[in-house]
Amino acid sequence: MRLKDKVAIVTGTSSGIGLGIAEVFAEEGAKVVCVARREKEGEAVAESIRGKGGSAVFVTCDVSVEEQVEELARRTIDDFGRIDVLVNNAGVNFVKAFEEVTAEDWDRVIGVDLRGTFLCTKACIGQFLKQGSGSVVNIATVHTMACMAGAAPYDAAKWGMVGLTKSLAVEYAARDIRFNCLSPGLIDTQIWDDIRNGAEDMDTCLAHWWSNIPMGRVGTIREIAQAAVFLASDEAAYITGANLLADGGMTSQLISTPSYASKAQQRK
Ligand SMILES: NC(=O)c1ccc[n+]([C@@H]2O[C@H](COP(=O)([O-])OP(=O)(O)OC[C@H]3O[C@@H](n4cnc5c(N)ncnc54)[C@H](O)[C@@H]3O)[C@@H](O)[C@H]2O)c1
């Protein structure tokens with residue numbers, strides 16, 4: 001068990017990648033503090049983890065609200081006496097033409113994806129310093145390597161997240177508090193469902209995506225969760241300030257070469 005008895009706060013656990021991280025962390029022996037805004041869904045996730053023999057509690061919290069985040073850290077310390085890992089996963093996925101983006105859109109995306117990461121980290125840092133240890137995993141995106149049209153607020157927030165991660169990695173390296181980003185490519189979550197549901201022609205849609213993802217498939221939630229386990233765990237003890245890509249080769253590809261890609265697919 002790679003996270004045995006580690007106390008881990010994971011934000012945004014009521015769906016998608018955050019739910020998967022909470023489940024896999026518990027399988028790896030962590031005591032998981034599941035964080036979400038909606039009580040019913042959030043509590044159900046913690047209950048399901050406990051039902052499978054894992055350790056999990058649920059705390060209702062909007063990561064963009066400072067008082068709620070401070071209460072989250074206080075409750076974690078009261079209940080478990082320490083915080084070993086913080087996973088800043090809660091996020092707003094956002095696509096809109098820049099000329100239509102409002103100041104409210106900007107504040108909402110930056111408020112959760114970047115300010116939320118700042119607030120949660122700030123609320124835990126005192127405890128990390130007291131312990132002389134801590135590992136923060138920030139769920140960023142492949143958009144931190146290159147950008148996508150129609151995602152300016154999201155891209156700005158996630159690039160900010162990488163900057164914050166590297167800055168804190170340097171500031172706290174000598175005190176054994178590590179900060180890393182994990183950047184997923186396209187993962188089998190609601191986003192992938194939405195892409196396929198919105199496709200006019202499925203063959204064209206899949207051909208487009210597979211030409212952009214050298215592995216020729218989307219990633220699974222568990223694959224992202226396993227990468228998060230690694231960064232959170234002592235196996236990554238000398239890794240800080242990194243941005244680990246889990247993207248099936250997406251950001252390594254300069255340009256797709258269809259004839260070669262189809263030959264490679266045939267060899268599988
Ligand atoms: N799915 C992908 O392909 C993909 C790719 C790259 C990065 N990501 C990142 O992974 C993370 C998870 O995304 P997902 O695809 O699982 O989406 P999701 O919408 O299923 O998960 C996001 C979670 O964050 C929660 N959340 C949103 N605002 C919150 C707030 N203010 N306070 C507390 N919780 C809040 C949501 O309720 C939800 O449970 C996000 O940070 C996203 O940017 C996802």
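A brief report on the enclosed structure follows. (Residues numbered from 1 in each chain as written. Predicted model: local features only at pLDDT ≥ 70, side-chain atom pairs only at ≥ 80, totals over all residues. Heavy atoms only, no water.)

## Topic: the site of the ligand
As a reminder of what qualifies: One heavy atom suffices: a residue is near a molecule or strand as soon as one of its heavy atoms comes within 4 Å of it. Any N or O atom pair separated by 3.5 Å or less is treated as a polar contact, with the protein-specific requirement of one donor-capable and one acceptor-capable atom, and with residues adjacent in sequence counted only for side-chain atom pairs. Throughout, the Shrake-Rupley method with a 1.4 Å probe supplies accessible areas, and for residues the shown protein chains are the sole cover considered. By definition, any uninterrupted DSSP run of H or I lasting at least four residues is a helix, any uninterrupted run of E lasting at least two residues is a strand, and each is numbered from the N terminus.
The full set close to the ligand counts 26 residues, and Ser15, Asp62, Asn89, Tyr154 and Thr189 are the nearest of them. One of the side-chain nitrogen or oxygen atoms of Tyr154 is found 2.7 Å away from an oxygen atom of the ligand. Relative to its unbound accessible area of 820 Å², the ligand is 92% covered by the protein chains. Broken down by secondary-structure element, the contributors of at least two residues to the shell around the ligand are α1 (16–27) and α5 (152–172).

## Describing the packing of helix α3 (residues 66–80) against helix α4 (residues 103–131)
Basically, it comes down to this: As a rule, the C-alpha atoms of each element are fitted with a line to give its axis, helices using only the stretch in contact, and angles between N-to-C directions run from 0 to 180 degrees. Each crossing gets its hand from how the near helix is turned against the far one by less than a right angle, where anticlockwise is left-handed and clockwise is right-handed. Any two residues whose heavy atoms approach within 4.5 Å are treated as being in contact. Each residue is assigned to one of three groups, with Ala, Val, Leu, Ile, Met, Phe, Trp, Tyr, Cys and Pro labelled nonpolar, Asp, Glu, Lys and Arg labelled charged, and all others, Gly among them, labelled polar.
One way to put it is that α3 packs onto α4 with a least axis distance of 9 Å and a crossing angle of 35°. When the axes of α3 and α4 are compared, the crossing they make is right-handed. Residues Glu66, Val69, Glu70, Ala73 and Ile77 of α3 lie in contact with α4, whose contacting residues are Leu119, Cys120, Ala123 and Gln127. Residue composition of the contact of α3 with α4, grouped by class: six nonpolar, one polar and two charged.

## Here's the deal with the pairing of strand β4 (residues 85–88)
Let me state the cut-off plainly: Note on classification: 1.4 Å probe, protein chains only; a residue is buried when its accessible area is under 20% of the maximum for its type, exposed when over 50%, partly exposed between these limits. For two strands to be treated as a pair, DSSP must find at least two bridges joining them. Handedness of a crossover: with both strands directed away from the viewer, a clockwise path from the first strand across the helix to the second marks it as right-handed.
Neither face of β4 is exposed, since Val85 and Val87 on one face and Leu86 and Asn88 on the opposite face are all buried. Pairing analysis gives three bridges linking strand β1 (residues 7–11) to β4, with the strands arranged parallel. Note that in β4 the partner of Ala8 across the bridge is Val85. Where β4 meets strand β5 (residues 134–139), four bridges bridge the pair, whose relative direction is parallel. In the strand pairing of β5, Val85 is matched with Ser135. For the crossover that starts at β4, traverses α4 and ends in the parallel β5, the hand is right-handed.

## Focus on the packing of aromatic side chains
Convention followed: Aromatic contacts are taken between Phe, Tyr and Trp rings whose centres are within 6.5 Å, Trp giving its six-membered ring; a plane angle under 30 degrees counts as stacked, one over 60 as edge-to-face, and the others as tilted.
Counted under the stated rule, the structure contains two aromatic pairs. With 6.0 Å between their ring centres and 40° between their planes, Tyr172 and Phe179 make a pair best called tilted. What makes Tyr172 buried here is its relative accessible area of 12%. Their ring planes at 40° and their centres at 5.6 Å tell us that Trp192 and Trp210 sit as a pair that is tilted. Taken together, the residues Trp192 in helix α6 (residues 190–197) and Trp210 in helix α7 (residues 202–212) connect sequence positions 18 residues apart. For Trp210, a relative accessible area of 30% translates into the label partly exposed.

## Remarks on the environment of Gly249
The topology assignment puts Gly249 in the loop between β7 (243–246) and α9 (258–267). Considered as a pair, Gly249 and Pro214 are 35 residues apart in the sequence and their alpha carbons are 5.4 Å apart.

## Thoughts on the sheet that holds β5
Sheet architecture is open: seven strands sit in the order β3-β2-β1-β4-β5-β6-β7, paired in parallel fashion. With one partner strand each, in any of the chains shown, β3 (55–60) and β7 form the two edges of the open sheet. When strand polarity is set aside, the average angle formed by the axes of neighbouring strands in this sheet is 20°. Bridge count between β1 and strand β2 (residues 31–36): five bridges; the pairing is parallel. Within β2, the residue paired with Ile9 across the bridge is Val33. Contacts from helix α2 (residues 39–51) reach β2 and β3, with the element oriented near 170° to β3. Most of the contacts of α5 go to strand β6 (residues 177–184), to which it runs at about 155°, and overall it touches β4, β5, β6 and β7.

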